[in-house]
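Per-entry structural report
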Amino acid sequence: VARELRLAGYEVAVLHHAHIFSYDEIKYILKNPDIKSKIKDNIEYIYILTNPGEPGIIKIGMTERTVEGRVRSINATSTVTEWVAKFALPVSKGNALKIEQQMHKIYAHLRIDSDQGNEREFFKLDPLTAFDKLREIGSLHQVGEPIVY
């Protein structure tokens, strides 16, 4: 079982064993780049984004970085209106892609393909409906609390 802490802008999964981390221990972990990178390396995220310029359409994706970093990267491309994170599920490393693919398969009938016929990560779907399904199929690999933005 794990829980997620937000401290100084970092997201950290802290495993619950017999030891509870003190504030000083958490500060030490966050200041030590070797420890911090190992913690971040063990978490991936499946996210659900919305865009006010595209009502009724969501983007279901995954990232090995933070969701906030991924959203900044997406919005750095040629978007007219910016994508906004609505929900995310932290999962153990190596599982986000599988869960993302399951989500895409479940909602394939609602997928919005590009003009060139390429499959994309965009779906005509309510974000809360997608989040409920994400929590259901990702629960076995979840390593922190679901994130609501």
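Fair warning: this is a prediction, and the values are worked out from it, not measured in the lab. The written sequence of each chain sets the order in which its residues are numbered from 1. The predicted origin of the model limits local features to residues at a pLDDT of at least 70 and limits the giving and counting of side-chain atom pairs to 80 or more, whereas totals for whole chains, interfaces and linings rest on all residues. Excluding hydrogens and water, the side-chain values take into account all heavy atoms of the structure.

Comments concerning helix α5 (residues 127-138)
One turn of an α-helix holds 3.6 residues; hence residues three or four places apart share an orientation. Comment: elements are numbered from the N terminus, with helices defined as DSSP H or I runs of at least four residues and strands as E runs of at least two. Here, expected helix span is obtained from the residue count minus one, scaled by 1.5 Å. With 12 residues, α5 should cover 16 Å at 1.5 Å per step; its first-to-last C-alpha distance of 16 Å lies within 8% of that length. Regarding α5, the residues found buried are Ala130, Phe131, Leu134, Ile137 and Gly138. Projected onto a plane normal to the axis of α5, the buried residues spread over an arc of 135° and lie on a single side. Turning to α5, the residues buried within the fold contact β3 (43-50), β4 (57-63), β5 (84-92), α4 (96-106) and β7 (147-148). Between N or O atoms, a polar contact is any pair within 3.5 Å; within protein, one atom must be a potential hydrogen donor and the other a potential acceptor, and residues adjacent in sequence are included only when both atoms are from side chains. Residue aspartate 126 occupies the N-cap position of α5, its side-chain oxygen lying 3.2 Å from the main-chain nitrogen of leucine 128. A 1.4 Å probe rolled over the protein chains alone gives each residue an accessible area, and that area as a share of the maximum for its type sets the label: buried under 20%, exposed over 50%, partly exposed in between. Directions from the helix axis toward the C-beta atoms define the arc. Working rule for contacts: check all heavy atoms of both residues, and any pair within 4.5 Å makes them a contact.

Notes on the nonpolar core
General note: in soluble globular proteins, nonpolar side chains tend to be found buried as a group. We define a nonpolar core as any set of buried Ala, Val, Leu, Ile, Met, Phe, Trp, Tyr and Cys residues linked to one another through side-chain atoms lying within 4.5 Å. Among the nonpolar cores identified, the biggest contains 18 residues, and Ile46, Ile48, Ile58, Ile60, Met103, Ala130 and Leu134 are the most heavily contacted of them. Looking at this core, the elements with two or more residues in it are β3, β4, β5, α4 and α5. No other element matches α5, which puts 4 residues into this core. With near-sequence residues (within four places) excluded, isoleucine 60 lies in contact with Ile46, Tyr47, Ile48, Glu100, Met103, His104, Tyr107, Glu121, Phe123 and Ala130. Grouped together as the second largest cluster of nonpolar side chains are 14 residues, Ile43, Ala85, Ala88 and Ile147 included.

Let's talk about the layout of surface pockets
Only protein atoms enter the 1 Å grid used here, on which a cavity is any set of points holding a 1.4 Å probe that cannot leave and a pocket is any open set flanked by protein within 12 Å on both sides along at least five of seven lines; residues with an atom within 4 Å of a point are listed as lining. Grid points are joined across faces, edges and corners, and a volume is the space filled by probe spheres set on the points. Within this model, the largest pocket holds a volume of roughly 280 Å³. Along the walls of the largest pocket sit 13 residues, with Glu54, Ile57, Trp83, Arg120 and Phe122 positioned nearest its centre. When grouped by side-chain class, the residues that make up the lining of the largest pocket number 5 nonpolar, 4 polar and 4 charged. When residue character is reported, Ala, Val, Leu, Ile, Met, Phe, Trp, Tyr, Cys and Pro are called nonpolar, Asp, Glu, Lys and Arg charged, and the others, Gly included, polar.

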